[in-house]
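Structure assessment
Each chain is listed here by its residues.
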Amino acid sequence: MAETLSTSRGHAIRRWLARTASTLRRIRFWVHISVQKSLSYPFVTILCPRYHRDRLGSYKGIDISSASFNRSNDAEFLERTVQALQMVERLDVRRFRRIQREVRFIVNCELSDAGASYRRTGHVCQVDFRRYDFGRDAEWYLRSYASALVHEATHGAIYSRYVAYTPKSRCAIERLCHTEEHRFVMRLDTPERRWSEQIIRPFDERRWHASWYAGFFRRGIRIGERIVEVKRRA
Ligand SMILES: [Zn+2]
């Protein structure tokens with residue numbers, strides 16, 4: 001009897017500790033998100049209406065827009081984005097639903113170091129579309145692009161579970177997004193071609209170091225350089 005009582009007391013304490021940890025995690029998350037939101041206020045008020053205005057099209061509730069400094073590839077961006085979304089939907093409906101849930105806009109714009117990135121404010125998946133060289137190998141880059149959309153939507157799903165992207169959590173978060181990307185790409189494999197081995201490299205956090213440690217000004221300079229580079233191609 002005494003043993004039963006102490007076991008149930010143990011369960012109650014563990015439940016209380018789990019609830020407290022969950023509440024603390026949510027408080028930490030809301031503090032982090034509030035700071036991030038206030039810093040991103042200009043982004044929301046200026047850029048989100050612009051994404052609406054410059055909407056090229058949409059696919060099943062996901063708006064596709066352009067904020068690039070070189071709009072010469074708008075039509076290709078729209079076409080390839082729809083194809084990539086259809087590919088995810090056809091092969092992996094669960095991860096496609098995640099994209100629908102977590103991504104409001106897919107926007108072509110210049111990025112400092114990455115091919116794609118997720119912004120919680122506005123639920124925006126930013127894509128530096130010119131980094132995907134469809135002219136060189138359309139099949140490979142379409143699959144790579146689709147897997148990037150899965151990766152970025154996973155960032156959204158992690159935010160939805162109240163886990164903020166901080167210096168402490170970011171490595172584990174990127175690893176999880178990379179794993180989800182890998183699970184999707186494995187569905188592309190055929191007996192003739194092992195796409196999963198060609199598109200996804202093993203996880204290596206050093207790939208993210210440039211964006212983690214660049215600093216605000218360095219990143220600004222990189223984006224400026226990227227814009228100049230992209231404008232030259234007009
Ligand atoms: Zn990521």
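Structure: see above.
Residues numbered from 1 in each chain as written. Predicted model: local features only at pLDDT ≥ 70, side-chain atom pairs only at ≥ 80, totals over all residues. Heavy atoms only, no water.

**Remarks on the overall build of the chain**
A tally of regular secondary structure across the chain gives 9 helices and 5 strands. Starting at the N terminus and ending at the C terminus, the chain contains elements arranged as α-α-β-β-α-α-β-β-β-α-α-α-α-α. Structurally, the chain occupies a C-alpha span of about 80 × 50 × 35 Å along its principal axes. Every one of the 234 residues in the chain was classed for burial, and the buried ones make up 43%. Considering only residue pairs separated by 6 or more positions, the chain has 60% of its internal contacts joining residues 24 or more positions apart. With the model as given, the accessible surface of the chain reaches about 13,500 Å², and the carbon-plus-sulfur share is 55%. Here the chain carries 45 positive and 26 negative side-chain charges, and the mean point of each set is 8 Å from the other. (Helix = DSSP H or I, 4+ residues; strand = E, 2+ residues; numbered from the N terminus. Buried < 20%, exposed > 50% of the residue type's maximum accessible area, 1.4 Å probe, protein only. Contact = heavy atoms within 4.5 Å. Areas by Shrake-Rupley, 256 points an atom, 1.4 Å probe, with all protein chains shown as cover. Lys, Arg positive; Asp, Glu negative; His and termini not counted. Charge placed at Lys NZ, Arg CZ, Asp CG, Glu CD.)

**Observations concerning the packing of aromatic side chains**
Tallying each qualifying case throughout the model produces 10 aromatic pairs. A ring pair is formed by Phe 77 and Phe 129, whose centres lie 5.2 Å apart and whose planes are at 70°; its orientation type is edge-to-face. Taken together, the residues Phe 77 in helix 3 (residues 74–91) and Phe 129 in the loop between strand 5 (124–127) and helix 5 (138–160) connect sequence positions 52 residues apart. As far as burial versus exposure is concerned, Phe 77 and Phe 129 are alike and both buried. Grouped by ring-pair contacts, the aromatic residues Phe 77, Phe 129, Tyr 132, Phe 134, Trp 140, Tyr 141 and Tyr 145 constitute a single cluster. Positioned above the aromatic ring of Trp 195 is the side chain of Arg 143, whose terminal nitrogen or guanidinium carbon lies 4.3 Å from the ring centre. (Phe/Tyr/Trp six-rings, centres within 6.5 Å; stacked < 30°, edge-to-face > 60°. Lys NZ or Arg CZ within 6 Å of the ring centre and 35° of its normal.)

**Points about the pattern of salt bridges**
Counted according to the given criterion, the structure contains 20 salt bridges. Note that Asp 74 is salt-bridged to Arg 71, the shortest N-O span being 2.7 Å. Of the residues examined, Arg 71 reaches a relative accessible area of 35% and is grouped as partly exposed. For Glu 102, the salt bridge is made with Arg 120, and the minimal N-O distance between the two is 3.1 Å. Separated by 18 residues along the polypeptide, Glu 102 in helix 4 (residues 93–102) and Arg 120 in the loop between strand 4 (116–119) and strand 5 bring together distant segments of the chain. With respect to burial, Glu 102 and Arg 120 carry one shared label: buried. Linked by salt bridges that have partners in common, Asp 92, Arg 95, Arg 98, Glu 180, Arg 183 and Arg 187 make up one network. (Salt bridge = Lys/Arg side-chain N within 4 Å of Asp/Glu carboxyl O.)

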